[in-house]
Amino acid sequence: MRVAVLNGPNLNLLGVREPALYGHETLADIEAMVRAEAALLDVELEWVQTNHEGALVDAVQGLRGRTDGAVVNPAAYGHTSLALRDAFLAVQVPFVEVHLTNIFGREAERRQTVLADLAVAVIAGLGARGYTVGLRALVDGLRAG
């Protein structure tokens, strides 16, 4: 099984960006944790991070026929990007949406996402652990099929 993990803007700054809100773990720390979980699940993992909306859309479009599913932390693009939504609608790849913080307890503009209704699940507020929870949920669902 092959799963892509897609990360949106500013996640490359984890560990230094607002650590009281996002924690002290870096994106590299999270990637290592997710790769370890993927190995336990016998899942091949692809990892992408970009600050550019078009590059994230390209990554989503590239999922079709190459991956069984995705774990996606769209970051701020999850609240605004209809282009990202349209890409997921086009590729029809199951995905779990992950947010480090509880977006439903934050500013009004962060309390909704343009992807939530397309996602298998939305995980918010578990910090870095949300990625592994999302991966396991996605894989369990794909295997149950």
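(A) Examining unusual backbone geometry more closely. Not every positive phi belongs to a glycine, and E18 is a case in point at roughly 40 degrees. Even without glycine at this site, D42 takes up a positive phi of about 60 degrees.

(B) Summary view of the nonpolar core. Within the largest apolar cluster, 24 residues are counted, with the highest numbers of intra-cluster contacts made by Y131 and L135. Those elements giving two or more residues to this core turn out to be β1 (2-7), α2 (27-40), β2 (44-49), β4 (95-99) and α6 (129-144). Formed by 20 residues, the second largest nonpolar core is a distinct cluster that contains V48, L63, A87 and F88.

(C) Molecular detail of the sheet that holds strand β5 (residues 121-124). As summarised here, the arrangement of the five strands in space is β2-β1-β3-β4-β5, forming an open sheet in which the pairing is parallel. This sheet does not close on itself; its edge strands, each paired only once, are β2 and β5. Shown here is a sheet whose adjacent strand axes are inclined to one another by a mean of 15 degrees, direction ignored. Direction of pairing for β1 relative to strand β3 (residues 69-73): parallel, over a ladder of five bridges. Along β3, the bridge assignment pairs L6 with V72.

(D) Just the side chain of R17, in detail. Residue position: R17 is located in the loop between β1 and α1 (19-22). A distance of 3.4 Å separates polar atoms of two side chains, one belonging to R17 and the other to Y22. Residues in contact with R17, not counting those within four places in the same chain, are N10 and Y22.

Rules used throughout
Residues numbered from 1 in each chain as written. Predicted model: local features only at pLDDT ≥ 70, side-chain atom pairs only at ≥ 80, totals over all residues. Heavy atoms only, no water. Core = buried A, V, L, I, M, F, W, Y, C linked by side-chain atoms within 4.5 Å. Buried < 20%, exposed > 50% of the residue type's maximum accessible area, 1.4 Å probe, protein only. Helix = DSSP H or I, 4+ residues; strand = E, 2+ residues; numbered from the N terminus. Pairing = 2+ DSSP bridges. Axes fitted to C-alpha atoms, helices over the stretch in contact; angles between N-to-C directions. Polar contact = N/O pair within 3.5 Å; in protein donor to acceptor, adjacent residues only side chain to side chain. Contact = heavy atoms within 4.5 Å.

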